[in-house]
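A look at the structure
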Amino acid sequence: MKKKEKEPKYIKSPMGNSMPNYKVYVPGKMEGIFVCIVLFLVGGAAGLIFYGGLFKVDGEATNATQIADTVVFAGVGLIAAKSFFPIYIQSRLNKQKHTLKLQFKDMLLSLSASISAGSNIQSAFENALNDLKVQYKETDFIVREMQEILSGVAQNINFEVMIRDFGNRSDNEDVVAFADVFEICYRKGGSMQSVIQRTYQLVSEKTAVTDEIETKLTSNKMQHNAMSVMPIVVVAMLKFTNDTFAENFATPIGIIVNVVAMGIFIASYRYGLKICDVKV
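Just so it is clear, the structure is predicted and the values come from calculations on it, not from any experiment.

Describing unusual backbone geometry
Leave glycine aside and you will find that most residues have negative phi; peptide bonds, for their part, are mostly trans. With a phi angle near 65 degrees, Asn-156 is a residue other than glycine that sits in the positive phi range. With respect to the secondary-structure elements, Asn-156 resides in the loop between helix 4 (141-154) and helix 5 (159-170). In this structure, Asp-171 is a non-glycine residue whose phi angle is positive, near 55 degrees.

Dropping the structure here:
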């Protein structure tokens, strides 16, 4: 079987410029290193809580204990970094998509206002860009996209081609739908004002529904995070305050129980994330 190719961070636009590919989130080098180190340290510490202190003799640590602790810390730390780094990337990707959706909604609002005032399509896009520059920075997604669209039009590339390129890179069904309808109306003379207003209304309604669901799920997400941490906290407290409990953890049966418990813990955490993931 062929290995699935990774999505690139940037894609060439019709202008030949490298524009963001919103289907992926690629962290910066320093960000990736920092997150991996944090996950490694947290995972290693959790590993020591569950599997630390093996091979003690009469309650005293031996050389074998130190070696085992080092192996456990490094092994569990690496597993944690490898397992939870994709979860971090997915959370950042979801945030990136949500940000783009909100900015796209503001773009539609500005376009609708300009067209309602009697501006033609190009003037409406130019006015919308000026409005967006007041709300956002030059480096924000929608400002860069609007600048690219207008630059393409200035180079005699059709509006629909530039908007279609934006839609293909956005990984957002609302942007893709807008590109489809815009192309039809722009070529056949449909009511562009109605199209933009209707698209803005639909995006606003979907955003409102999503925000309402997210608000209602906030307490559940907090409970999920708390319950995910509690097993580690409880075991750490028992292990550090009760020598007999700690010794039982270092027995073969204790190790087997810990392995099973950790598997259930990780599976429950991932399942909880899927339950709290709302898509509208």
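Having seen it, we continue.
Thoughts on the packing of helix 2 (residues 63-116) against helix 7 (residues 192-241)
With their axes 9 Å apart at the nearest point, helix 2 and helix 7 run at an angle of 145 degrees to one another. Crossing handedness for the pair helix 2 and helix 7: left-handed. Together, His-98, Lys-101, Leu-102, Phe-104, Lys-105, Leu-108, Leu-109, Leu-111, Ser-112, Ile-115 and Ser-116 of helix 2 and Met-192, Gln-193, Ile-196, Gln-197, Thr-199, Tyr-200, Val-203, Ser-204, Thr-207, Thr-210 and Asp-211 of helix 7 make up the contact between the two elements. When its residues are assigned to classes, the contact of helix 2 with helix 7 shows ten nonpolar, nine polar and three charged.

Quick look at the confidence of the model for the chain
Close inspection of predicted coordinates is inappropriate for parts of the model with low pLDDT. Mean pLDDT for the chain: 85, with 96% of residues reaching 70 or above. Looking over the chain, one finds the lowest element-wise mean pLDDT in helix 8 (residues 243-249), namely 73, and the highest in helix 4, namely 94.

Some remarks on the environment of Thr-241
Here Thr-241 is to be found in helix 7. On the basis of relative accessibility, which here comes to 66%, the residue Thr-241 falls in the exposed class. Residues Thr-241 and Met-230, spaced eleven residues apart in sequence, show a C-alpha to C-alpha distance of 16 Å. In this structure the side chain of Thr-241 is engaged in a polar contact, spanning 2.5 Å, whose partner is the backbone oxygen of Met-237.

Conventions and cut-offs
Residues numbered from 1 in each chain as written. Predicted model: local features only at pLDDT ≥ 70, side-chain atom pairs only at ≥ 80, totals over all residues. Heavy atoms only, no water. Helix = DSSP H or I, 4+ residues; strand = E, 2+ residues; numbered from the N terminus. Axes fitted to C-alpha atoms, helices over the stretch in contact; angles between N-to-C directions. Left-handed = near helix turned anticlockwise from the far one by under 90°. Contact = heavy atoms within 4.5 Å. Nonpolar A, V, L, I, M, F, W, Y, C, P; charged D, E, K, R; others polar. pLDDT = per-residue confidence, 0-100. Buried < 20%, exposed > 50% of the residue type's maximum accessible area, 1.4 Å probe, protein only. Polar contact = N/O pair within 3.5 Å; in protein donor to acceptor, adjacent residues only side chain to side chain.

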